[in-house]
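Here is how the chains run, residue by residue.
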Amino acid sequence: MLKPATTDIEALKIIDDRLRWLSAWTIHHANHVRDNDDGLKVGGHQASCASMTAIMAALYFHALGPNDRVAVKPHAGPVLHAIHYLLGSQSREALENFRGFGGAQSYPSRTKDRIPVDFSTGSVGLGVAITLFASLVQDYLSAHGWLDDQDRGRFVALMGDAELDEGNIYEAIIEGAKHDVRNLWWIIDYNRQSLDATSADRMFERFDEIFRSCGWRVVELRYGKRLQAVLAERPTVKGWFETLSNAELSALHYQGGAAWRSRLDAEFGKDAAEFLTQYDDDALASLFSDLGGHCMETLVEAFDGAQDDVPTLFIAWTIKGHGLPFAGHKDNHAGLMNPTQLAALREAMGVREGHEWEPLEGVGDNARPGVEALIDRSRIARDKRQRSFGSVSFPAIPAPAGEEQSTQAAFGRILLDVSKAGGDLADRIVTTSPDVTVSTNLGAWVNQRGLFRRAEMPDIFAKAKIASAQKWSGDNRGQHIELGIAESNLFLMLAAAGLAGDLFGTRLIPIGTLYDPFIARGLDSLNYACYQDARFLLVATPSGITLGPEGGAHQSINPPLIALGQPGLRHYEPAYADELAAMMHEAFRLIDDAAGESTYLRLSTRSVRQIERTDDAWREGAIAGAYWLREPAAGAEAAIVAMGAVMPEALAAWEELSLDVPGLGLLAVTSPDLLHRGWTAAQAERWQGQRNASHIEQLLSRLSPGAGLVTLADAAPASLSWLGGVLGQRVAPLGVEKFGQTGNLTDLYAAYRLDGDAITEAVAELLLPA
Ligand SMILES: Cc1ncc(C[n+]2csc(CCOP(=O)(O)OP(=O)(O)O)c2C)c(N)n1
Ligand SMILES: [Mg+2]
């Protein structure tokens, strides 16, 4: 690539200044200018922004191509808004309302910001790692013929140095190495400060080794051109500079030129005298601030020099708060300039009072055309892309035949049938699992559709004619992305694949499987995926103490409660294979529906006798969250309410008790999550004058107002006990509250009170006169 003309570099430096000003001003305005009715601290991170303005100017106005996608360090959100303000894609109103309701968000948000945000950020580390999985998805789409070469791009993560402490980053680069990921730039804003203080020194030399050993190129941008030239002439000063600890260096940057002078004088005495006479204090401070991440020539050169597809880590040395009065101060993370300091910055930047929001305020007439031309040429997407929805056709999904089945086995059979039937749905499904592909019943699907590998991977065992039920070969047509045991990676993979419609214009139907208890291991990544409105199907199996002999380390208890509190994720827990088939169809539909969401299926390995259906009336209720498996008599005094794998106990108890308790009902709950949402939504509607009863209110109003409910779930009893609040009916909640143990189902259900005796006792107690 040609080196840009000097005028471009100058224009980029001007843009760097504009970004520093606009980001600082946006935050200042929100904290000190805008009305504040409630006295809450508004906040914002002027120092974290100032640290990155040069890097972001060089990226957005020079290096990025139109298909490149960027995850921006959360605390540099205002810089991204300032960039789009210069580009004309962000409004002044949104900036004036920064951190206000409906205004520019504190941290870049794909769903809430009006500017194009490729990846939301906020929980540090996750925004970095998702770029790696997005790059893998890009390779997947290319290999499957869904992405033209000219539409491919690079994935860039702008990260704080303290983000390197997040373990999910290393889990991701290990997985990336296995898949030979490429087209990644991760750029560290190496300001050597975190939130609390300056960061520890000792790890620095290790980070580059870690990345190199995972196949990355590491480019360190330590010095700007000016400082590099001066230190090249003075190796002893350079040696001294490089031994300064993070804390010492930051303190000197904060203290400024006089402090540098006295330190150098103390260190080198008369040997530094001639050097020091060449600089006044300001010039000395400016010289030592010329670090790589603030030097436009250095940045442009580095980006131009990394145009191949090798994943590259840039370590760009910077000063936190560069150019602001608290530059380098260890406490500057949430520091805000006071009005006096802001006024001084405004003056220094040539911004007239009252003209603070003008995009190119302070840019001289000579420079302006060059700056405008550069902004005009910027190749990044300016407008928010339309999401791709509604293009996949979903055939009906028949339930697999079989008198006795587990929901986990039925899941595997349904996917196999989908695969055999072929067509659009089957081709768009991409499955993934953190080393539990076989044990979550994805095996048959993988036998049919193969592993995804960019380079052919033969099945050595098959070639050697060693008998195995499981084929394990891969090529670039494969549809299963194999992951190592790292549940956070699973969710980031699902997040990236679940955004394929947005990122690449092609909707994928991602399905991820894992063991239910290990959802907790990747919970923040799961939340992150939902926060961005990524769409996928999560199949968690096995679950609960119903896992029996596997014991308490693998028996999940609280995931239904997690799901109850997780926006963007719908929990379904089927008891029967036909329910599961209906739920999978609904989950696929929701993936491709603009108003949809992701789905979490909680499945079991317990083989249960399937129910005979006389009609299809159950189906609508099952999708809405519950249906009467055994209808209650009108005004009945009691009902059993059960979910999932313990349905046979509920049915048996119903059969036994209905002789003595006339009209006893059995409610099959398929989604406490949906029932709860429907209940609160109907309540909110009533407050606005509408009179619709929610699904669960309609179901429970078949019973008498004072009826008793015995709720039963192989999960925390709170998953269902809240149902008593819907109409004020009494509840006896049965469920699992202590860690599980090994054992057979009879012993375990008796010990944890999920059996017929427990149900009978609970019903009896509810029916006793008070
Ligand atoms: C998972 C998570 N934990 C904690 C925080 C709170 N937090 C926000 S920024 C930050 C330190 C960031 O330091 P660094 O990454 O170096 O960024 P910079 O110095 O550029 O601001 C912390 C701990 C967070 N946002 N996410
Ligand atoms: Mg930092």
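Details of the structure are given in the entry above.
What this report covers is the structure whose coordinates are included nearby. (Residues numbered from 1 in each chain as written. Chains lettered and ligands numbered in written order. Predicted model: local features only at pLDDT ≥ 70, side-chain atom pairs only at ≥ 80, totals over all residues. Heavy atoms only, no water.)

1. Some points on the overall build of the protein chain
Counting secondary structure elements, the protein chain contains 34 helices and 20 strands. Since a compact globule built from 770 residues should have a radius of gyration of about 27 Å, the 30 Å found for the protein chain is in line with a globular shape. Taken across its 770 residues, the protein chain has 59% of its residues classed as buried. Long-range contacts, defined as pairs at least 24 residues apart, comprise 77% of the intrachain contacts of the protein chain with a sequence gap of at least 6. Separation between the mean location of the 69 positive side-chain charges and that of the 99 negative ones in the protein chain comes to 3 Å. (Helix = DSSP H or I, 4+ residues; strand = E, 2+ residues; numbered from the N terminus. Rg over C-alpha atoms; globule rule 2.2 N^0.38 Å. Buried < 20%, exposed > 50% of the residue type's maximum accessible area, 1.4 Å probe, protein only. Contact = heavy atoms within 4.5 Å. Lys, Arg positive; Asp, Glu negative; His and termini not counted. Charge placed at Lys NZ, Arg CZ, Asp CG, Glu CD.)

2. Thoughts on the pattern of salt bridges
Taken as a whole and assessed by the stated rule, the structure comprises 47 salt bridges. Measuring nitrogen to oxygen at the nearest pair gives 3.3 Å for the salt bridge that ties Arg 454 to Asp 139. One end of the pair, Arg 454, is in the loop between strand 8 (451-452) and helix 21 (460-463); the other, Asp 139, is in helix 6 (residues 126-143), and 315 residues separate them in sequence. A residue is classified by how much of its surface remains accessible, and Arg 454, at 29% relative accessible area, is partly exposed. The network of salt bridges with shared partners includes Arg 570, Glu 586, Arg 589, Asp 593, Glu 597, Asp 673 and Arg 677. (Salt bridge = Lys/Arg side-chain N within 4 Å of Asp/Glu carboxyl O.)

3. Some thoughts on the side chain of His 322
By secondary structure assignment, the location of His 322 is in the loop between strand 5 (312-317) and helix 16 (339-348). Residues contacting His 322, with those up to four places away along its chain left out, are Arg 20, Ala 50, Ser 289, His 294 and Ala 327.

4. Points about the packing of helix 6 against helix 7 (residues 167-179)
Relative placement of two packed helices is described by the angle separating their axes and the distance separating the axes. In the contact formed by helix 6 and helix 7, the axes pass within 9 Å of each other and the chain directions differ by 15 degrees. As far as their axial angle goes, helix 7 and helix 6 are roughly parallel. Crossing handedness for the pair helix 6 and helix 7: left-handed. Facing Leu 126, Val 128, Ala 129, Leu 132, Phe 133 and Leu 136 of helix 6, the residues of helix 7 in contact are Asn 168, Ile 169, Ala 172, Ile 173, Glu 175, Gly 176 and His 179. (Axes fitted to C-alpha atoms, helices over the stretch in contact; angles between N-to-C directions. Parallel < 35°, antiparallel > 145°, perpendicular 65-115°, else oblique. Left-handed = near helix turned anticlockwise from the far one by under 90°.)

5. Observations concerning the coordination of the magnesium ion (ligand 2)
Within the protein, Asp 161 (OD), Asn 191 (OD1) and Gln 193 (O) serve as the donor atoms for the magnesium ion (ligand 2), at 2.0 to 2.2 Å. Positions of the donor residues of the magnesium ion (ligand 2) along the chain correspond to the pattern D-x29-N-x1-Q. Note that Asp 161 is positioned in the loop between strand 2 (155-160) and helix 7 and Gln 193 in the loop between strand 3 (184-190) and helix 8 (204-213), a separation of 32 residues in sequence. With relative accessibility at 7%, the residue Asp 161 sits in the buried group. (Donors = N, O, S within 2.8 Å, 3.2 Å for Na, K, Ca; no water.)

6. Let's talk about the site of ligand 1
Taken together, 18 residues form the shell around ligand 1, and within it Ser 48, Lys 73, Asp 161, Gln 193 and Lys 320 come nearest. Interatomic distance of 3.4 Å between a backbone N/O atom of Glu 163 and an oxygen atom of ligand 1. Look at ligand 1: alone it shows 590 Å² of surface, and the protein chains cover 75% of it. (Near = heavy atom within 4 Å. Polar contact = N/O pair within 3.5 Å; in protein donor to acceptor, adjacent residues only side chain to side chain. Areas by Shrake-Rupley, 256 points an atom, 1.4 Å probe, with all protein chains shown as cover.)

7. Some words on the sheet that holds strand 5
Judged by pairing direction, the sheet is parallel, and its 5 strands sit side by side in the order 1-2-3-5-4 without closing on themselves. A single partner strand is all that each edge strand has here, and the edge strands are strand 1 (69-71) and strand 4 (217-221). On average, each strand axis in the sheet is inclined to that of its neighbour by 15 degrees, with strand direction left out of account. Note: strand 1 against strand 2, 3 bridges, orientation parallel. Paired with Val 70 across the bridge in strand 2 is Val 156. Of the strands in this sheet, strand 1, strand 2 and strand 3 touch helix 6, which is tilted by about 170 degrees from strand 2. (Pairing = 2+ DSSP bridges.)

8. Observations regarding the environment of Asp 281
Of note, Asp 281 is situated in helix 14 (residues 281-288). The exposure class of Asp 281 is partly exposed, given its relative accessible area of 31%. Put simply, Asp 281 and Gly 256 are 25 residues apart on the chain and 7.4 Å apart in space, counted from C-alpha to C-alpha. Discounting chain neighbours no more than four positions away, the residues touching Asp 281 are Gly 257, Ala 258 and Arg 261.

9. Thoughts on the packing of aromatic side chains
Within the structure shown, the criterion is met by 23 aromatic pairs. With centroids separated by 6.0 Å and ring planes inclined at 75 degrees, the aromatic side chains of Trp 186 and Phe 211 adopt a geometry described as edge-to-face. Residue Trp 186 is found in strand 3, and its partner Phe 211 is found in helix 8; the two are separated by 25 residues along the sequence. Since its relative accessible area comes to 0%, Phe 211 is described here as buried. Ring geometry for Phe 303 and Phe 314: centres 5.2 Å apart, planes at 90 degrees, overall edge-to-face. (Phe/Tyr/Trp six-rings, centres within 6.5 Å; stacked < 30°, edge-to-face > 60°.)

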